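Inside the fold
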Amino acid sequence: MSAERLCYLDNNATTRIAPEVFAAMEPFLREQWGNPSSSYRFGRAAHDAIEQARGAVGALIGAEAREVVFTSCGTEATNAAIHSALATQPGKRHVVTTRVEHSATLKYCQKLEKQGVEVTWLPVEPDGTLDLGELQTALRDDTAIVSVMLANNETGVLFPVDDIAAVCRAHGVLCHTDAVQTPGKIPLDVRALGVDFASFSAHKLYAPKGVGALYVRRGTRFEPLLVGGSQEAGRRGGTENVPYIAGFGRAAEQAAGGHLAAYQEVKQLRDRLETEILRRIPGTSLNGHRTERLPNTTNIAFDGVEAEGLLLMLDQVGICASGGSACTTGQVTPSHVLTAMGLSAARAKSSVRFSLGIYNTAADLDHALAHLPRIVQRLRDLAPRDEPVRRPAREEAAAAVP
Ligand code: PLP
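Our subject in this report is the structure included herewith. Everything numeric here is computed off the predicted structure, so don't read it as measured data.

1. A short note on the site of the ligand
The full set of residues close to the ligand is C73, G74, T75, H102, M149, N153, D178, V180, Q181, S201, H203 and K204. At 2.8 Å from an oxygen atom of the ligand is found a main-chain nitrogen or oxygen belonging to G74. At 2.6 Å from an oxygen atom of the ligand is found a side-chain nitrogen or oxygen belonging to K204. Within the complex, the protein chains bury 88% of what would otherwise be the 400 Å² of accessible surface of the ligand. A per-class count over the shell around the ligand returns three nonpolar, seven polar and two charged.

2. Topic: the sheet that holds strand β5 (residues 143-149)
An order of β2-β8-β7-β6-β5-β3-β4 is seen for the seven strands of this open sheet, with the pairing classed as mixed. Both outer strands of the open sheet, β2 (68-71) and β4 (118-122), are each paired with one neighbouring strand and no more. Sheet twist, expressed as the average angle between the axes of neighbouring strands with direction ignored, equals 20°. Examined bridge by bridge, strand β3 (residues 94-98) and β5 share four bridges and lie parallel to one another. Across the sheet, H94 pairs through a bridge with T143, a residue of β5. The sheet contacts of helix α2 (residues 41-61) involve β2, β7 (197-201) and β8 (212-216), and relative to β2 the element is tilted by about 115°. Lying over the sheet, helix α3 (residues 74-88) contacts β2, β3, β5, β6 (174-178), β7 and β8, oriented at roughly 165° with respect to β7.

Calculation notes
- Residues numbered from 1 in each chain as written.
- Predicted model: local features only at pLDDT ≥ 70, side-chain atom pairs only at ≥ 80, totals over all residues.
- Heavy atoms only, no water.
- Near = heavy atom within 4 Å.
- Polar contact = N/O pair within 3.5 Å; in protein donor to acceptor, adjacent residues only side chain to side chain.
- Areas by Shrake-Rupley, 256 points an atom, 1.4 Å probe, with all protein chains shown as cover.
- Nonpolar A, V, L, I, M, F, W, Y, C, P; charged D, E, K, R; others polar.
- Pairing = 2+ DSSP bridges.
- Helix = DSSP H or I, 4+ residues; strand = E, 2+ residues; numbered from the N terminus.
- Axes fitted to C-alpha atoms, helices over the stretch in contact; angles between N-to-C directions.
- Contact = heavy atoms within 4.5 Å.

Here it is, written out as structure tokens:
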């Protein structure tokens, strides 16, 4: 990497651990290594740290402490919610979700389909938003749960989960939301949303990977996914990851204390990055709704460019972002989110997500904007092109003048 500069624009993938979070974890990795289930004082210290973190995570998301169940990750939280809805309602064998969910939901639902559960996959509009009418018609007497994300990790597009939860309530159907991408970024209140379950992950919130939480609304019947010990009030077996939970709690306190204000600044940086890319680089366009989305995310298609190559060249100058495709077993498959929005495979494969965070600065943007136009041009010069690169609107307008 030249210049040894890290320009990290992939905060939806993961975030840096905040120094305060690291400091909160350290005692539980060094001195306070007791088992939180032990009855002696040494164990109680670990137990108390977990309960403090539970209160902090609850406060951040608008829940009571006892409604928070710590898990190993956001994926586990989501699996556990859907599992519980089916296990507690054995007569109901139908699940409703969307085509643009994170693989935590997508793959779990695909696995359920193989086990005979029927899944309705709701489509999305070309701007990535959801049509509530589609949800209304999908609900049935045997629907166990509706699982929809609050914010899409690839485009940042927000779903109206409060309205969705209201529809579910009216039909007596449980509602889960994958809220992993939202804490700190947008105001969040699970009670006001009206959902029964919500999933969270610490590593999107400046805390470590490998710890998450599931909100379970008080009074909701629950059947654990992991059985073993009676940790987490019998809702999740397995000795708790005390240091990471302590870090999650500290991150939640930090987020509650000021992230929303910080994300206003992040939004300004995101808007500047987006505007400048669209203005300076011909043949670029935004994927997803312009306003109904997270303040930190922009997903842009670069016509005539393979995102894989673009990301490699960005990496050479220390810029981290991610693409609208996944490389599995040597084959590049276009993003299921972008294709569900109706993008062609080629356009999905030419799309790049930039996701900013509270540690990004104007200098990061200057760095990215200094390199992007040149790299895109280079790739276009190299690539055999069957379609002309779309010109920016201003040029088109100028060309149209007789
Ligand atoms: N849901 C969404 C929307 C995500 O973005 C992610 C992580 O990328 C997850 C779930 C999974 O979280 P975890 O990595 O903690 O399993």
